[in-house]
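For reference, the chains in residue letters:
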Amino acid sequence: MIFYYKSNSAFLISSLLLCSILVESFNNGGVTVDLIHRDSPHSPSYDSSSSNTRFQRQRSAFDRAFSRKTSLASSLSRSLDSSIDAPITSGGGEYLMKIKIGTPPVEQLGIAHTGSDLTWTQCEPCTQCYNQDLPLFDPSRTSSYRPISCESEQCASASAAASCDSNNTCQYKVKYGDRSYSIGELAVETLTFDGGVSFPKVAFGCGHNSDGTFSEIGSGIFGLGGGSISIINQLQSSIGGKFSYCLSSDANGSSKISFGSNAVVGGPNAVSTPLVRKSPATFYYLTLEGVSVGTERVELDDYDYSTMALGGNIIIDSGTTLTFIPSEFYEGVVSMLDEAITATRVSDPRGMFKMCYQSEGGFSSPTITAHFKGADLVLPEGSSFVEVDEGVVCFTLVPSQDLAIFGNLHQINYHIGYDLVKEEVSFLPTDCSKSL
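Conventions we followed
Residues numbered from 1 in each chain as written. Predicted model: local features only at pLDDT ≥ 70, side-chain atom pairs only at ≥ 80, totals over all residues. Heavy atoms only, no water. Helix = DSSP H or I, 4+ residues; strand = E, 2+ residues; numbered from the N terminus. Buried < 20%, exposed > 50% of the residue type's maximum accessible area, 1.4 Å probe, protein only. Contact = heavy atoms within 4.5 Å. Patch = residues over 30% accessible without salt bridge, like charges linked within 9 Å, V, L, I, M, F, W, Y side chains within 5 Å. Areas by Shrake-Rupley, 256 points an atom, 1.4 Å probe, with all protein chains shown as cover. Salt bridge = Lys/Arg side-chain N within 4 Å of Asp/Glu carboxyl O. Lys, Arg positive; Asp, Glu negative; His and termini not counted. Charge placed at Lys NZ, Arg CZ, Asp CG, Glu CD. Pairing = 2+ DSSP bridges. Disulfide = S-S within 2.5 Å.

Trainee: Before we move on, could you go through the environment of Cys394 and cite the residues and values that matter?
Mentor: Relative to the assigned elements, Cys394 resides in strand β28 (residues 392-395). Taking the relative accessible area as the measure of exposure, Cys394 reaches 0% and is therefore buried. Along the backbone, Cys394 and Asp348 are 46 residues apart, and their C-alpha atoms lie at a distance of 7.3 Å. Not counting chain neighbours up to four residues away, the residues in contact with Cys394 comprise Asp348, Phe353, Met355, Cys356, Ser384, Phe385, Val386 and Val388.

Next comes the structure, spelled out in structure tokens:
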């Protein structure tokens, strides 16, 4: 049985939404860093005011999940244009990564996104910039800054139809789902993590015109997607196309993200599922085959989904809180749950969730398992049902008419490794509050 734990639900619903990164180690091509949760007291964005309650933080995380899903789905239906199109909202589902750029290195705080490829930061001179706490990066004060020419392969990989300025420098334009944007020039620079781990000649965007809903804490975007211009692919010779993360259930503890040899996930309890290559290459697609409630299982291909039953039918995303599954398939899962749960069914007071129960006097649900191709994942305790208001718990798998997403709430306490060379994602049950 899975039991609901009220004490840590505030953390569970918004894991990995905003983080600051500190390098811990770099051995044999591997680096591991700490992730500070957005709602943790250690976060630079932490709101300690009494008006910002646990339930308000939860609702904000849920709102960001729905907004992010809408942007992702919209991007998949749009045709390519001359700009880099980032199918996310600039202010939702983000991390903060502390990195240094240039020689000598200058600290920047980048919003990390697995749903975005291009890394960029605001730069001097700036014709239009949103307010940020850190000084703007000044390329005139670094000896390792080199603009990228329009004829380079990096320029071609960054945009389907990159523009040029009068100096033959490659120009980028990235747009986000909430109409935020960044425009500037592509260049190469030395990228340094705290602790002195440096990577030379990394392509990034030097933004001279950026605006929208970006946080003042962040100075740009750190791209962790699957596209060729992403940091993961640019550093492939050093990290072998590998990165991993481990999300803790302890709000005051630290989660982890690793690159290279430190990101290998294996062992007798590890399971792996194929990483399916589809367009756009930014996203990490998996194949969901079914969901079990206790010993009862519902299959995805039992429903008339001409595309959903095919390979690569769900995106795994560390920046989306909730898990979205096809609507008719969702109804099959809900039907099994309703038969198994004895608590009183109630309505969500705010109308966001379709399946909710009274939690007074205790609440429990059967074990829920997501069946991916070759990998069965038991959803973590306390993540399937979360208290959204006093005495009301709601089911955190939600229906979707267009796009399926496996969200971070259901990835907690798994060490999840991405191997872009082997084209697989591996899962190992792990106490992520402890050192990897």
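The rest of the description comes next.
Trainee: An account of unusual backbone geometry is requested, with residue identities and associated values reported.
Mentor: At the junction of Thr103 and Pro104, the peptide bond is cis and its omega measures out at 0° in the coordinates. Geometrically, the link from Ser279 to Pro280 is a cis peptide bond, its omega value of -5° lying close to zero. With phi around 55°, Lys201 is a residue other than glycine that occupies positive phi space. Counting through the fold element by element, Lys201 comes out in strand β12 (residues 197-211). Positioned with a positive phi, Asn413 is a non-glycine residue whose angle comes to about 60°. Relative to the elements of secondary structure, Asn413 occurs in the loop between β30 (405-406) and β31 (414-419). The exposure class of Asn413 is partly exposed, given its relative accessible area of 23%.

Trainee: Could you give an account of a negative patch on the surface, with specific residues and numbers?
Mentor: On the surface, Glu289, Asp301, Asp302 and Asp376 cluster together into a patch of negative charge. By secondary structure assignment, the location of Glu289 is in strand β18 (residues 288-293). A residue is classified by how much of its surface remains accessible, and Glu289, at 33% relative accessible area, is partly exposed.

Trainee: Can you break down the pairing of strand β13 (residues 220-223) residue by residue, with the values?
Mentor: When a strand is regular, its side chains alternate between the sheet's two faces. In terms of strand pairing, strand β6 (residues 106-113) meets β13 through four bridges, oriented parallel. Residue Ala112 lies in a different strand from β13, and its bridge partner there is Phe222. As paired elements, strand β7 (residues 120-122) and β13 share two bridges and run antiparallel to each other. Directly across from Trp120, in β13, lies its bridge partner Ile221.

Trainee: Tell me about the state of the cysteines, residues and numbers included.
Mentor: Scanning the entire structure with this criterion turns up six disulfides. Two residues share a disulfide in this structure: Cys123 and Cys206, whose sulfurs sit 2.1 Å from each other. The disulfide joining Cys123 to Cys206 has a torsion of about -120° about its S-S bond and is therefore left-handed. Of this pair, Cys123 sits in the loop between β7 and β8 (146-147) while Cys206 is found in strand β12, placing the two residues 83 residues apart along the sequence.

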